[in-house]
Amino acid sequence: MLRDITLGQYYNTASPLHAMDPRTKILGVIFYMVILFTASTVWEYALAAIFTVFVIKVSRVPVRFITRGLKPIVIIMLFTLVLNLFMTSGGKELFHWWIFRVTDLGVETAVKMAVRLVMLIMGTSLLTLTTSPIALTGGIERLLSPFRKIGVPSHEIAMMMSIALRFIPILMEETDKIIKAQTSRGADFESGNLIQRVKAMVPILVPLFVGAFRRADELAVAMECRCYNGGEGRTSLRELRFRRVDGGALCACVILTAAMAALKILRMVGVL
Amino acid sequence: MSIIKAENLSFSYESEGAEVKVFENLNIDIDEGEFVAVLGHNGSGKSTFAKHLNAILTPKSGRVTVCGIDTADESRLFELRKNVGMVFQNPDNQIVATVVEEDVAFGLENLGVPREEMRRRVDEALKVVRMYDYRTYAPHLLSGGQKQRVAIAGILAMEPRCIVLDEPTAMLDPIGRDEVMETVRRLNREKGITIVLITHYMDEAVKADRCIVMDRGKIVMDDRPASIFPKVEEMRALGLDVPQATELVWELKRRGLNIETGALRSAGAIESILKMTRDQL
């Protein structure tokens, strides 16, 4: 059961988005978030939505994989929706009952917020759907490397992420083994109230942690034996290629973001 | 030409305030190109000895020189570790990367080898251990024997002169064990890489050119496998087994049959038995 887990949610297919440099995609997501949070009028939302649909089409990832990312945040979305609906002050009153007051401004804010959240999740999950975990760590390392000078441990962060990815399946398997071993000796994980169940987890977590520390120790020795000495003077087998399509995509993102910002400024100074 | 030289090597550690001596005044000399198996019961010091060969541990007193480098010389640590590769028992705990070829490249990345050169050496190492077709796999999808071969490839890519394997087959099934042993033997024969194999599987030790038997921090035997294994009683007194074939002919002899002892492999045992039956006819 635990054996066939996939790491992250990478959807392996050939698409222009998959072939792009991970750095482009990471930066693209940052620009995308800026766009979403500066959008305020319906037209701006429409523009962002068109952009989202276009990128999803280009990625060739089935839509159900993208919407799957929405499931865990349904509750948060409902919460913000309700909160925005009832807590927004101002605007024309549409509905009033007891202490609840719904205004047209409230409806507008609530809908915008929900749309913004949905687009945010869909857009960002596209990053992990189209970029393998290793490419992602490589991209993060390279993007953070200019900040090394001010003390950001970019190589160490990437190394930690990649080791974590490497050991997730191993520790999952170990958890599975421990659960079976404890169950075969009469441990009960399925009944009782919440507190009892949490308590039943302790005999799983203790051996799991002990094992993880032992592994970490052995891995550290093995890494040292292979001349690991931090990021200094290190080369890399994986080559990140920043191609013309990356440049184009990044330009498009910058232009779009700049356009959004310009619209916002024009509105603020009262031209629009 | 000796590649590994331990002179008057002593090592001890502290445990609950008391000093535990692992070994004292150990002298070992291993020639370049040799395939040496180090045998011994738990606590004989064989693993601790292995850890001295690439300076995971450094001597309390005495000296270890490997490839002409004193292991206590910290300024030449990376040069030493580049030349002396180490393969450990648990294949999972020595694979660093999430893709086979990236793991093989790990040592080269650390050494700062240029990309084209790295690509060439990684591919070659993977071909030598016959894992080239699996180069884009995630390590957790491989069998134990395959993972251990990937670990060997990672060492091999650094082009070492010597490989130390610390019970590399202890966690493997019989098929994985054969795969690893076949690879190790080939590296020794074809590439002339010096092999130090720490093991407690006697059927593996038989494949070595030379066996060093350790007991409580001392070398008690140091000879060709054909000379040490027929000493079944001595080996048993040290808490060690002998290969099954050796044991079979030895038992037959003990039960009063007029058989030639000393066979190390099943083929040899069959020959001895046939010879015995022929002689009786």
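Calculation criteria
- Residues numbered from 1 in each chain as written.
- Chains lettered and ligands numbered in written order.
- Predicted model: local features only at pLDDT ≥ 70, side-chain atom pairs only at ≥ 80, totals over all residues.
- Helix = DSSP H or I, 4+ residues; strand = E, 2+ residues; numbered from the N terminus.
- Rg over C-alpha atoms; globule rule 2.2 N^0.38 Å.
- Buried ≥ 20, exposed ≤ 12 C-beta atoms within 10 Å, placed from the backbone.
- Contact = placed C-beta atoms within 7 Å.
- Nonpolar A, V, L, I, M, F, W, Y, C, P; charged D, E, K, R; others polar.
- Expected span 1.5 Å × (residues − 1).
- Domains from an automatic or database assignment.
- Pairing = 2+ DSSP bridges.
- Axes fitted to C-alpha atoms, helices over the stretch in contact; angles between N-to-C directions.
- Parallel < 35°, antiparallel > 145°, perpendicular 65-115°, else oblique.

Moving on, we get to the overall build of chain A. Secondary structure assignment for chain A yields ten helices and two strands. When the helices and strands of chain A are listed from N to C terminus, the series reads α-α-α-α-α-β-β-α-α-α-α-α. Compactness check: chain A gives a C-alpha radius of gyration of 24 Å against a globular reference of 19 Å for 272 residues, more than 25% above the reference. Overall, the C-alpha framework of chain A stretches about 65 × 55 × 40 Å when taken along its three principal axes. Counting across all 272 residues of chain A, residues that qualify as buried make up 19%. Look at the contacts in chain A between residues 6 or more apart in sequence, and 73% of them connect residues 24 or more apart.

Opposite the 32 residues of chain B that make contact, chain A presents 26 residues. If you list the elements that add at least two residues to the side of chain B that touches chain A, you get helix H2 (77–83), helix H3 (100–111) and helix H4 (115–128) of chain B. Tallying contributions element by element places H3(B) first for the side of chain B that touches chain A, with eight residues. By residue class, the composition of the side of chain B that touches chain A is 14 nonpolar, ten polar and eight charged.

Take helix H5 (residues 144–156) of chain B next. All names here are of chain B. For H5, spanning 13 residues, the distance from its first C-alpha to its last is 18 Å, which sits close to the expected 18 Å at 1.5 Å a residue. Of all 13 residues in H5, twelve are buried, a share of seventy percent or more. Burial in H5 covers these residues: Gly 145, Gln 146, Lys 147, Gln 148, Arg 149, Val 150, Ala 151, Ile 152, Ala 153, Gly 154, Ile 155 and Leu 156. Residues of H5 that are buried make contact with strand S6 (84–87), H3, H4, strand S7 (162–166) and helix H6 (174–191).

Another point: the domain arrangement of chain A. We note that the domain assignment places domain 1 (1–131 + 242–272) and domain 2 (155–237) within chain A. Taking only C-alpha atoms into account, the centre of domain 1 of chain A sits 34 Å from that of domain 2 of chain A.

Looking now at the pairing of strand S1 (residues 93–97) of chain A. Residue and element names in this part refer to chain A. Counting buried positions along S1 gives zero out of five residues, so the element sits mostly on the surface. Inspection of the sheet shows S1 paired to strand S2 (residues 100–103) by four bridges, in the antiparallel sense. Counterpart to His 96 in the pairing with S2 is Arg 101. Hairpin connection between S1 and S2: a loop of two residues separates the two successive antiparallel strands, and Trp 98 in this loop has a positive phi of roughly 55°.

For the rest of this paragraph, the subject is the pairing of strand S1 (residues 2–15) of chain B. All names here are of chain B. Alignment of S1 against strand S2 (residues 18–31), held across ten bridges, turns out to be antiparallel. Counterpart to Ser 15 in the pairing with S2 is Ala 18. Adjacent in sequence and paired antiparallel, S1 and S2 are bridged by two residues, among which Glu 16 carries a positive phi angle near 50°. When S1 meets strand S4 (residues 61–66), the two strands line up antiparallel, connected through five bridges. Note that in S4 the partner of Ala 6 across the bridge is Val 64.

Next up on the list: the domain arrangement of chain B. All names here are of chain B. We note that the domain assignment places domain 1 (2–226) and domain 2 (243–281) within chain B. The partner domain 2 presents four residues to the five residues of domain 1 that form the contact. Contributions of two or more residues to the side of domain 1 that touches domain 2 are made by helix H7 (202–205) and helix H8 (225–228). Looking at the side of domain 1 that touches domain 2 residue by residue, the classes come out as four nonpolar, no polar and one charged.

Looking now at the sheet that holds S4(B). As summarised here, the arrangement of the four strands in space is S2-S1-S4-S5 (chain B), forming an open sheet in which the pairing is antiparallel. Whereas interior strands pair on both sides, the edge strands pair on one side only; in this sheet they are S2 and strand S5 (69–70) of chain B.

Moving on, we come to the packing of helix H2 (residues 22–38) of chain A against helix H7 (residues 133–144) of chain A. Residues and elements named next belong to chain A. Relative to each other, H2 and H7 sit at 75°, their axes nearing to 8 Å. As summarised for this structure, H2 and H7 are arranged roughly perpendicular, according to the angle between their axes. Taking contact as the criterion, the partners of Pro 22, Arg 23 and Ile 26 in H2 are, on H7, Ala 135, Leu 136, Gly 138, Gly 139, Ile 140, Arg 142 and Leu 143. A breakdown of the residues in the contact of H2 with H7 according to their chemical character gives six nonpolar, two polar and two charged.

All names here are of chain B. Strand order in this open sheet of six strands is S6-S7-S8-S3-S9-S10, and the pairing throughout is mixed. Sheet topology places S6 and strand S10 (218–223) at the edges, where each strand pairs with a single neighbour. Taken pair by pair, the neighbouring strands of this sheet meet at an average axis angle of 15°, ignoring direction. Sheet topology note: the strand S3 (residues 35–40)/strand S8 (residues 194–198) ladder contains four bridges and is parallel. When the sheet's bridge partners are listed, Val 38 is paired in S8 with Ile 198. On top of the sheet, H6 reaches S3, S7 and S8; it is set at about 150° to S8, its chief contact.

Residue and element names in this part refer to chain B. Between its first and last C-alpha, H6 extends 25 Å over 18 residues, near the 26 Å set by a 1.5 Å rise per residue. In this structure, the buried side of H6 is in contact with S3, H5, S7, S8 and H7. Looking one or two residues beyond H6, the residue adopting positive phi is Gly 192, at roughly 65°.

Moving on: the environment of Leu36(A). All names here are of chain A. With respect to the secondary-structure elements, Leu 36 resides in helix H2. In this structure the C-alpha to C-alpha distance between Leu 36 and Ala 19, which are 17 residues apart in sequence, comes to 25 Å. When residues no more than four places from it in sequence are discounted, the contact partners of Leu 36 are Ala 48, Arg 116, Met 119 and Leu 120.

Take the packing of H7(A) against helix H8 (residues 154–184) of chain A next. All names here are of chain A. Viewed as axis vectors pointing N to C, H7 and H8 meet at an angle of 170°, and their least axial separation amounts to 8 Å. Considering the angle they form, H7 stands roughly antiparallel to H8. Residues Pro 133, Ile 134, Thr 137, Gly 138, Ile 140, Glu 141 and Leu 144 of H7 pack against Ser 154, His 155, Ile 157, Ala 158, Met 161, Ser 162 and Leu 165 of H8. A class-by-class count of the residues in the contact of H7 with H8 yields eight nonpolar, five polar and one charged.

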